[in-house]
Structures are given as C-alpha cells and as structure tokens.
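Structure at a glance
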Amino acid sequence: MSLRLIVLNVLLAGFVQSAWAEEPLRTAADRPVDVLHIRLNLDVDLQAKTVAGSATLEFTPLRPLNTITLDAIDHEVISVTGGMKGGKPRELSHSYDGKQLTIEFPETTERKQLWQVTVQYRVREPEDGLHFFQPTKAEPNVRLSVWSQGEPTANRYWFPCYDNPNEKQTTEMIVTVPKGMEALSNGELLSREDTDTKTKFHWKQAKPHVSYLVTLAVGEYVVTEETWRGKPVTYYVEPGHEADTNSTFGRTREMLDFFSERFGIEYPWEKYAQVVVEQFDFGGMENTSATTLNQSVMHDETALLDSTPDRLIAHELGHQWWGDLLTCQDWSHLWLNEGFATYCEVLWWEHKLGREERDYLLWGKAKSARSGTALKRPVVDRHYPRPFSMFDSRSYPKGGWILHMLRSQLGDEEFFGAIQRYGTVYAYQSVETTDLRQILERMTGYSLERFFYDWTERPGHPLLDVKSAYEADDHLVRIDIKQTQDQDAFQFPLAIELEFEDAKPQRIERRIESKNVSFYLPVPSKPRGIRVDPEYTLLAKITENKPQSWWKRQLLDGPTVPERLRAIEHFAGSKRSGDVELLQTVLENDRFWGVRVEAAKALGKTGGDIARDALIAACDQTEAKVRTAAAKALGEYARDETALTALAKLAQQTDPSDAMTAAVIESLAKVQEKPDIEPLLAALDHDSRQEIIRKAALRGLGRSSEAKAVEVLHEWIHRGHPRAARASAIASLAECLTRFEFSEQKTTKIVDDFTRLLDQSETPTIRRASAEALLKLGRRATSALSAVEALAEHDPNGRVRTAAEKAAEAIRTAESPKAELKRLQTELKELRQQNTGLKDRLIKLEAK
C-alpha cells in the first residue's frame, strides 16, 4: 500500500462520513412526561436580537422520576423554579450543558401528579430557530423583524421544551414588542395592550400541537382580516404590498371550504393567519393556525401570467390537518405530513382547475418522485442521518403519489371515508404509517400490507417495458409486460384499454405480481391504439414498444394529458421530419397549454429547421407559459442565425410576462457566439417578481469571458444587491470560471470571496449558493476545503449542510494527487500533535 493510501485511510477514520452512510435505527424519542401546556412570557428586543423572559411548562410524569431534561440550546438560564401545581414554587436544582437543561425534583415524582416548572432565561441572537433582521449600510431596505422556524428541531434554540414530534401540548405566547409592530403567534388573540413605547400581545393555542409548530413573527405588517364560519382569516404583508393581498390570498376561504368538506373534518383551529416575512428560507411553514410564507408568494396580476401562489397556499393549509392536527410520530414517517400536504395541492388543482391541470401537476410530481433519494432509500426510512434529510423527494412527491394510488385503487368514497376516519381517530395525536394502513384496512376490508411494503418500505418504483402487437391471423393482441428494475417485482393493478375504429373500447385490468407477464386478448379488428394506465394511477416509468400508428394516435388524440405527454417523450429527439412535424402540430394545436409546453421542450432538444421555425411561431401564442417555453427552447439553437434574428426581434418587444422577457434575454445570450453584454447589463436595472429578469441577465453574463462581465458578476455576489440575484451571480461566476481560463490570481480572489460567503452572517440561501459554486470549481477550490468541511459539520441549516457535504466531497475527489498528499500529510501531522497532547493530558491525570 502506498504512503498516500496509508495516510488517506488513517484520516478517513476521523472524517465525518457521508450523510447517507448507514445510521443507527431511528425510533420515536422517549417520553417520560406528558407536557400539558407551555406558557412563554417574552420581551423581544429587535435591535439587540434577544428574547428574554420565562417559559412555564405544566406536565404530569408518566413514571416515577427524579429529573426531567428539556431541549434548550445556548440559553442563558437565570433561574428554575417549580413544584406541584397549586403549591408554593421553590428553587429547583438544575444543570445545563448548553444543549439540555436537566431539572431535579425535590423528591421522586409519582405518576399523574401535576407539576409546573418555570425557567427564567435569555437568548441572544440564536444560531437557529429564531431569526432576526435589521437594516444595514449594505442592505438599508431590510425591515426590522424576527420570525421563528421550528421544523424539524430548531425551536429548542429559543425556548426550552421537549422538541420531538411525539409530544403535544397547548401553548400560550405573551410577547412584548416595540410599539408599532405586529406580533403573531398560534391560536386566539386574547388581548393587545399598548404603552407609550411597547405593545403586549397575548395569544393562546387551546388545542394541543407539537413544539416545532410554535411560532412567533414580529414586524411591521399591514393586516387584512376576513372571517370564515365565524373564525378570523388574516393576511400579514409588508407595507407596500397590501395591494396584492387579494390576488395572492383571495382563494383562501374557498380552500378552507373545500378541504373541510373533502376531508369531512372542519378546519380545527381558532383562526387561520398567513404572514409573509423577510428572507424566509423555505416556501412556507405550516405553524398551527399561523402559516409563515416566503416573500415569493406575493403575486400581482402580472405575476399571475407566469405562476400562481395557490399550490403553496394549498400545501400549507392542507398541513393544518395533516401535520398539525395529526403529526408524524418520528421523522421516519414524515411523509404522513408532507405527502398529504403535497396531495392537497393535487386535490385543490383538481377541484379548482379540472382534470387536465391535476394530471399535469401529477406528471411533474411523478418525475420528482422517480428521482433523487427516492431511488435509493425508502419513504419510511428508519436509518436517516438527521431529521432534515427526510425532507426530500420521498416525503413530498412520492408521498403524494402513494395517496393518489391508494385513492385510485380504493375509489373516492372508500378512500376519503377512511381518511376522515383516520383524521378523526388520531386528531391531536402523533401517528405512524401503520396507523394509516390499519384504518384503511378496517374501513375497506382490503389487505394493504403488500401495498405499503412496496411503496413505503422499499426504494424505487417499477420500470415497466410494455410491448404490444396485433396478430392479424388470429385476431389477437399480444401484450408483454416486464419489470426491468434490479429490485424484486412490485405488485399493482394495471389497466389497459384497446381502441377500435368500429367497435367499443376493450378494457382489462390485471394485477401484476411478477417481473414478466404475457397474455393474449381476442379483438374484433385491428386496434387503432392502446392505452396503458389510462387513468394515470401508477407511479412507474413506462416504456412502450408498439406500432408507430398507435403512437401517432396517442400523440394527437390521446384522451388524457399524461397519454399525450408520454407520446411526446416517445417522439422527442427523433430527427425524422414526419415525427418533428407531429410535434409541431401538437405545439400549434393541442388544447391544453401544458402539453404545448412539453412539445416546445421536446422540439428544443430535436433541433433542425422545422422545430426551430415551430418554436419561433409559438413565441406569439396567447398563453404566456407556452411563449416562455418556446423562447427557452430556442436557446438550444446556438449560432443559428434564424433563431438569433427571431430572439433579437423579441428582445426589442415588450411582453406582459416577466418570465417570457427573462427567457428571451437568456436564450439570446446562449445563441450568440459571443454574448452581447450590453443588453444584459441594461436588464440588471429591471425590477421583476423574484428577480426573474435580473437572474436571467446574470446567467447570460456567466456565458461571457469579457472582463466587464466577470467584474459585474463579481460585484453582484456581494451585499447591496437583491439577495435572489446575488445567489444567481454566485452560480454564474462559478460557471464563468469553469467555462473560461482566468489568471491564478483572479481565480484565487473569487474562491476567497466564495469562502467568505460561507460565513454565518450570510443568509442560508447565500451560504448554500456559495457551497454549490465551490463544488462546481472542484480542484480550484482546494483552499476553501476546511471552511466547507466546517460548514458541513456545523451549519444549523440542513440544506446548507447537505450542499457543503457534496462540495467537500467534490473538492477532495478533484484534488491533484500531489496537492491531496500534501494536505493529507498536514492533517496527519495535526492528528499526531493532537494525539500527543491527549497522551500528555492522560499522563498528568494518571499522576494525580
């Protein structure tokens, strides 16, 4: 074994293993007490970024105890008092290690005794859980505010609690804030008291929920209030955006009606509030009765041309039942929260927009559900590295698709009847996957053990190869179905329908239980088409081998959106003029905009004059999303003069869609042999929702080697520019470095700046973007390795840690052997020095 390998093996023993290395079995946390109520009485200092006050917990021991231990990270614990409720409180002995607060009882407690413990404490600028914002010289427009984000395990950073999803309690928030500020929390607003300089809000959540759903949002907000069945429905938005409140949230009460009726369980909480906060890291967070939302949710009428806030709003509202009323008992079962909320998006789409929109949404979710971690790990994963790692394609789109398959197999009446029962039986409790399965089985009589095994306990999905052919002599259609995945066969029902010119459709449904199934179907005449999974009820990758005429029929006349989309996938990439013309026909004539969008994408990959001209024509279509898809696809026609001329003409026009404007800007830069940076620089002056135009311009600049382009990108990675645009500038600057050769001095300067952006003073979005940029740079980012490894180990944000882990691995892998050996030798020397120090300490201890 070489010295290099010996050194590497020694060091690897001390390195943090990959996030998906085998982990211990994860189960629900121990629950020694039943917490009944948490009362927080806090004073918020927005300038000093502190909260101070008390947390009072009422609880009953579930077994004889001498101590209790609360989660509490980086608190300044001032005192702990308590005793039996109703008695005189006394000082309680306690110990605190910076992460957990252990409180000693004066005597061993008995089961079911009612105890009350009060912790006086202060938290200063917490690392996670509670996020403060204030204007700075570099960012003067940032508003003074604070908001909480508890999921999965971050509320322990700002109040002591049992921070696990299998413990529920009622909560109370008495919070004092500067006068002129609004303070939002869970439940009902009991009082609001003003003094000369401060306002005290008293919120009470009278029904139990888990600690991670406790919320606090403080800031200057314009509040709009409506009512729904006698309950307040409120919208908190930043000043200057109140005109967009209705276009953004105007369907909320209709959603409350729909979900209450669809689930057979009326919305359970005292109110429903939605608050749009400064620099929120995620799309939204379903805090009980008070959802927190990212600023991107705000839509004016122009923004609605390109997108809608309804999916996000429906997702978070759906959580008020699935995630809040019922909560996963352990993060292994997160899909019971996120899969249900994801399917709420689908249900709302179906109700509000119809079957075609629903199926197109399911199509996109199926692609996500068949990718990423879902390919390698099960939905119910009892060996996850950390809670945040469960928030991926398994819990969201695959979880949603599991529910769609259950609904399809059981039927609406049986499925929604069982869901109502599930929600009623386990209301205000924590649940695991078996609870859902057993309710479904009891209500329907079906054994669903195999279904849940296949879809929640195994990774992956079926890969189906379906071959169909007509045998004219015998008037038979032969169908061969193969599951080609490496794993064992999945079991599922599969519907197939044959269509004829002069006869009624012939439908069969077979339960597929093995990897190879073949059968013959007698038919009256030659079919004109075959429909596999016609109702779109199976999460599978389906590849078909059948006559071209059947494919044409499916593409042009398929009754459902998914059938036509699968036909587009079949024809995409074909260079035959007849096939390209078929896609052109779809782009011009299909009745559903989503099919036309996918046809535009396919034509972009196809190439050639026919496809290009079809895309140019589609840039004049009425539907903004189709125009945008066509303009993006034209970006695939590099150095094509006709495409260049068309895009240049479009760039001179004013389109009502910001997404279309952005697509034209970016595609023009891609098509030009050498991007003209002047229009890109001019586009940096254009405001648009989510900075979509500036981001397109920055991506365009990333394709240029001109010194001015690099200079502007380098400038835009720093504070003082819009945050969303900064993240794009970081990615584009990294793209520049990978595309073109720059001096070692310039490269080093940029890498150093990326490294500085990993600092905790930056937002998680910027830290993650910087880690991803360093990943892209590989070997050239060697100097950043120690900082990236530290980020992977210590960053409080799960997404940032994951990005940093990947970056560290890429940098280590890409190092030149000489540089890697030198670094490993240095680290080995440091380990030896640490080992020597440990030996010296051991000798001294033994001497004592």
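The structure under discussion appears in the preceding block.
This structure is a prediction, so every number in the text was calculated from the model and none was measured.

1. Describing the overall build of the protein
Regarding its fold elements, the protein presents 27 helices and 29 strands. Relative to the globule expectation of 29 Å for 848 residues, the C-alpha radius of gyration of the protein, 30 Å, shows essentially globular dimensions. When contacts within the protein are restricted to residue pairs at least 6 apart in sequence, long-range pairs at least 24 apart make up 69% of them. Accessible area of the protein: about 36,200 Å², with a carbon and sulfur share of 47%. Within the protein, one finds 111 positive and 128 negative side-chain charges whose respective centroids are separated by 3 Å.

2. Some details on the sheet that holds strand β29 (residues 541-545)
With mixed pairing, the four strands of this open sheet are ordered in space as β27-β24-β23-β29. The outermost strands of the open sheet, each flanked by one partner alone, are β27 (516-522) and β29. Across the sheet, the mean angle separating the axes of adjacent strands is 20° when strand polarity is ignored. In this structure, strand β24 (residues 476-483) lies alongside β27, joined through seven bridges in antiparallel fashion.

3. Considerations on the packing of helix α11 (residues 548-557) against helix α13 (residues 577-589)
Where α11 contacts α13, the two axes come as close as 10 Å, and the packing angle between them is 20°. What the angle tells us is that α11 and α13 run roughly parallel. The hand of the α11/α13 crossing is right-handed. Contacts between α11 and α13 pair Gln 548, Lys 552, Leu 555 and Leu 556 from the former with Asp 579, Leu 582, Thr 585 and Val 586 from the latter. A class-by-class count of the residues in the contact of α11 with α13 yields four nonpolar, two polar and two charged.

4. As for the nonpolar core
Phe 259, Trp 322, Tyr 422 and Ile 481 are the most contacted members of the largest nonpolar core, which totals 127 residues. If you tally residues by element for this core, the top one is helix α5 (residues 335-353), at nine residues. Phe 259 has contacts with Gly 264, Ile 265, Ala 314, Leu 317, Gly 318, Trp 321, Cys 344 and Trp 348, leaving out every residue within four places of it along the chain.

5. Some remarks on the pattern of salt bridges
Summed over the entire model, instances satisfying the criterion amount to 70 salt bridges. For the salt bridge of Lys 541 with Glu 569, the shortest nitrogen-to-oxygen distance reads 3.5 Å. On the criterion of sequence distance, the pair formed by Lys 541 in strand β29 and Glu 569 in helix α12 (residues 561-571) is long-range, its members being 28 residues apart. Exposure remark for Glu 569: the relative accessible area of 32% places this residue in the partly exposed category.

6. A word on the pairing of strand β13 (residues 188-194)
Every regular strand shows the same layout, with side chains that alternate between the two sheet faces. When β13 meets strand β14 (residues 198-210), the two strands line up antiparallel, connected through six bridges. Bridging across to β14, Asp 194 finds its partner in Thr 199. The hairpin formed by β13 and β14 contains three residues between the paired strands.

7. Some words on the packing of aromatic side chains
Centre distance and the angle of the planes are the two values used to describe a pair of aromatic rings. Counted by the stated rule, this structure contains 36 aromatic pairs. Above the ring of Tyr 384, the side-chain terminus of Arg 26 is found at 5.5 Å from the ring centroid. Note that Lys 625 overlies the ring of Trp 593, its terminal NZ or CZ placed 5.0 Å from the centroid.

8. Considering the pairing of strand β23 (residues 463-471)
Sheet analysis places β23 next to β29, joined by five bridges and oriented parallel. Bridge pairing links Lys 467 to Asn 545 in β29. Direction of pairing for β23 relative to β24: antiparallel, over a ladder of eight bridges. Across the sheet, the residue bridging to Ala 469 is Arg 478, located in β24.

9. Quick notes on the side chain of Asp 359
Among the structural elements, Asp 359 can be located in helix α6 (residues 355-369). Dropping the residues within four chain positions of it, Asp 359 is found in contact with Tyr 536, Val 561 and Pro 562.

10. Some points on the sheet that holds strand β2 (residues 50-61)
Across a sheet, strands are paired by hydrogen bonds formed along the backbone, either parallel or antiparallel in direction. Spatial ordering of the open sheet is given by β5-β4-β8-β2-β1-β11-β14-β13, a layout of eight strands whose pairing is mixed. Of all the strands in the sheet, just β5 (90-91) and β13 have a single pairing partner and so form its edges. When strand β1 (residues 33-45) meets strand β11 (residues 168-178), the two strands line up parallel, connected through seven bridges. Bridging across to β11, Asn 41 finds its partner in Ile 174.

11. Some remarks on the packing of helix α3 (residues 252-263) against helix α4 (residues 310-319)
Where α3 contacts α4, the two axes come as close as 11 Å, and the packing angle between them is 45°. Considering their axes alone, α3 and α4 lie oblique with respect to each other. For α3 against α4, the interelement crossing comes out right-handed. Note on element contacts: α4 touches α3 through Asp 310, Ile 313, Ala 314, Leu 317 and Gly 318, opposite Thr 252, Met 255, Leu 256 and Phe 259.

12. Here we look at the side chain of Glu 563
Assignment of secondary structure puts Glu 563 in helix α12. Not counting residues up to four positions away in its chain, the partners in contact with Glu 563 are Arg 531, Pro 534 and Gln 554.

13. Concerning the environment of Lys 137
Topologically, Lys 137 is positioned in the loop between β9 (130-133) and β10 (145-148). Residues Lys 137 and Val 297, spaced 160 residues apart in sequence, show a C-alpha to C-alpha distance of 27 Å.

14. A word on the environment of Glu 741
With respect to the secondary-structure elements, Glu 741 resides in the loop between α22 (723-739) and α23 (744-756). C-alpha of Glu 741 to C-alpha of Ser 705: the two residues are 36 residues apart in sequence and 8.5 Å apart in space.

15. A look at helix α25 (residues 785-794)
Turning to α25, its buried residues number three or more, namely Leu 785, Val 788, Leu 791 and Ala 792. What you see down the axis of α25 is that its buried residues fit within an arc of 125°, all on one side. Those residues of α25 that are exposed and aimed more than 90 degrees away from the buried face are Ser 786 and His 794.

16. Points about unusual backbone geometry
Between Glu 151 and the following residue, Pro 152, the backbone shows a cis peptide bond with an omega angle of 0°. The topology assignment puts Pro 152 in the loop between β10 and β11. Phi is positive for Tyr 428, which is not a glycine, with a value near 60°. Mapped onto the elements of the fold, Tyr 428 is located in the loop between α8 (412-425) and β22 (429-431). Given the relative accessible area of 26%, Tyr 428 is considered partly exposed. Here the phi dihedral of Gln 690 falls at roughly 55°; this positive angle occurs in a residue that is not glycine.

Reading the values: rules and limits
Residues numbered from 1 in each chain as written. Predicted model: local features only at pLDDT ≥ 70, side-chain atom pairs only at ≥ 80, totals over all residues. Heavy atoms only, no water. Helix = DSSP H or I, 4+ residues; strand = E, 2+ residues; numbered from the N terminus. Rg over C-alpha atoms; globule rule 2.2 N^0.38 Å. Contact = heavy atoms within 4.5 Å. Areas by Shrake-Rupley, 256 points an atom, 1.4 Å probe, with all protein chains shown as cover. Lys, Arg positive; Asp, Glu negative; His and termini not counted. Charge placed at Lys NZ, Arg CZ, Asp CG, Glu CD. Pairing = 2+ DSSP bridges. Axes fitted to C-alpha atoms, helices over the stretch in contact; angles between N-to-C directions. Parallel < 35°, antiparallel > 145°, perpendicular 65-115°, else oblique. Left-handed = near helix turned anticlockwise from the far one by under 90°. Nonpolar A, V, L, I, M, F, W, Y, C, P; charged D, E, K, R; others polar. Core = buried A, V, L, I, M, F, W, Y, C linked by side-chain atoms within 4.5 Å. Buried < 20%, exposed > 50% of the residue type's maximum accessible area, 1.4 Å probe, protein only. Salt bridge = Lys/Arg side-chain N within 4 Å of Asp/Glu carboxyl O. Phe/Tyr/Trp six-rings, centres within 6.5 Å; stacked < 30°, edge-to-face > 60°. Lys NZ or Arg CZ within 6 Å of the ring centre and 35° of its normal. Arc of directions from axis to C-beta.

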